[in-house]
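# What the coordinates show
For reference, the chains in residue letters:
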Amino acid sequence: MLERLLSHRSLVDEIFAKRDYKGLTSTQEGKLRSLIFTYDDWELLIALRDCLEPFDKATTALSGDYPTQSMSYFVIQSLHENFQHSFNPTYYHAVINKSLYFQSKYYLDAFLRSAQKIGMKVAAFLDPVFHGDLIAYKEDYEMAKRVVMEAMQQTDPLEPDASAVLSYDESRNSSSTANAAHIMLFKSNFMNITGKQASAPLSIQPLTADFEMAAFFILVRDNESIDFRMFWRNHSCVLPRLSQVARQYNVSPGTSVYLEQLFSVAGAIRNIRQASMSSITLRSLMILKKKKNIEKLRSFAPS
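A brief report on the enclosed structure follows. Bear in mind that the values here come from a model prediction, so they are computed numbers and not experimental data.

## Topic: the packing of aromatic side chains
Taken as a whole and judged by the stated rule, the model has 15 aromatic pairs. Members of the aromatic cluster, joined through ring pairs, are Phe125, Tyr141, Phe216, Phe217, Phe228, Phe231 and Trp232. Here the guanidinium or amino end of lysine 187 rests over the ring plane of phenylalanine 74, the centre of that ring lying 5.8 Å away.

## Focus on the pattern of salt bridges
Tallied over the entire structure, the rule returns six salt bridges. Residue lysine 121 is joined to aspartate 140 by a salt bridge in which the shortest nitrogen-to-oxygen separation is 3.2 Å. Placement of lysine 121 in helix α7 (residues 114-126) and of aspartate 140 in helix α9 (residues 138-153) is noted, with a sequence separation of 19 residues between them. Like aspartate 140, lysine 121 is buried. It is possible to trace a salt-bridge network through shared partners that takes in Glu3, Arg49 and Asp50.

## Some points on the nonpolar core
Membership of the largest hydrophobic core comes to 46 residues, with the highest contact counts inside it found for Val75, Phe125, Leu126, Val148, Phe216, Trp232 and Leu242. With seven residues, helix α5 (residues 69-84) is the largest single contributor of residues to this core. Setting aside residues up to four positions removed in sequence, valine 75 forms contacts with Ala58, Leu62, Phe186 and Phe190. One finds Leu2, Leu6, Val12 and Phe16 within the second-largest nonpolar core, a separate group that totals six residues.

## Description of α9
Counting along an α-helix, one turn takes 3.6 residues, and residues three or four places apart therefore face a common direction. Here α9 contains 16 residues, and its C-alpha end-to-end distance of 23 Å stays within 8% of the 22 Å for a straight helix at 1.5 Å per residue. Taken together, the buried positions of α9 are occupied by Asp140, Tyr141, Ala144, Lys145, Val147, Val148, Ala151 and Met152. Projected down its long axis, α9 shows its buried positions confined to an angular sector of 165°, all on one face. Across α9 from its buried face, at more than 90 degrees, point the exposed residues Lys138, Glu139 and Gln153.

Criteria and thresholds
- Residues numbered from 1 in each chain as written.
- Predicted model: local features only at pLDDT ≥ 70, side-chain atom pairs only at ≥ 80, totals over all residues.
- Heavy atoms only, no water.
- Phe/Tyr/Trp six-rings, centres within 6.5 Å; stacked < 30°, edge-to-face > 60°.
- Lys NZ or Arg CZ within 6 Å of the ring centre and 35° of its normal.
- Salt bridge = Lys/Arg side-chain N within 4 Å of Asp/Glu carboxyl O.
- Helix = DSSP H or I, 4+ residues; strand = E, 2+ residues; numbered from the N terminus.
- Buried < 20%, exposed > 50% of the residue type's maximum accessible area, 1.4 Å probe, protein only.
- Core = buried A, V, L, I, M, F, W, Y, C linked by side-chain atoms within 4.5 Å.
- Contact = heavy atoms within 4.5 Å.
- Expected span 1.5 Å × (residues − 1).
- Arc of directions from axis to C-beta.

Have a look at this one:
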């Protein structure tokens, strides 16, 4: 909404600049003049657009096709950094970012349960795409590593991994590769928007001497751009305990955004002008709109 308004700034200004007030009362003229956008109004709208853009991208990513806990950790940390740097050093940008920072301290720090925050860190630790970003936060990295090590001690390394025996045909392989490329593209774009510095490549990150953990470090360095599901399917035999921990932690975060979007779309299709539309027709239209997602789900179904 803000982007559309700002793109038509010259048109909005021209409407008020050439306004003919003849035939209007002084009260009506005063009301119209009060609607004129001042320079400060436009500056405030620009600041709002710039400061809210990362949230728009974050909401879209975390309610998209394949959101994960590891992606949630990366998004939250990127937003935190965005609040604290002066990427747009205007007065309104500073005020809005300061307000957003205090709100995030409540909703993302005080409001979230500790178990949920630990879960996101562990998920990022086990995800090749976001493992390098976690290393930049030493306390979070050590905490995630400690939790994973404790979970490994309680896991039977000889227990078969159900996901390891699933067939992995070419269609799934290509879909997973495309999904990994999509996540990497999102990560790059989101870092550009928030001004977040890219993490050092995993190929130059130090290794530890722990047995299975050391194997994980070696593999994750060589597969930094591999999709999460493909990585753990390929290496579950080498990392039997870690693969079980990965399945427990890197789950899709609970969100109702996608469901609310479907309700909004359904409301737009069956409105007051189309009140006589049958439920079968509405259902068919909704299925057609989501046909692409349905086909994507079918590609993951066991053959």
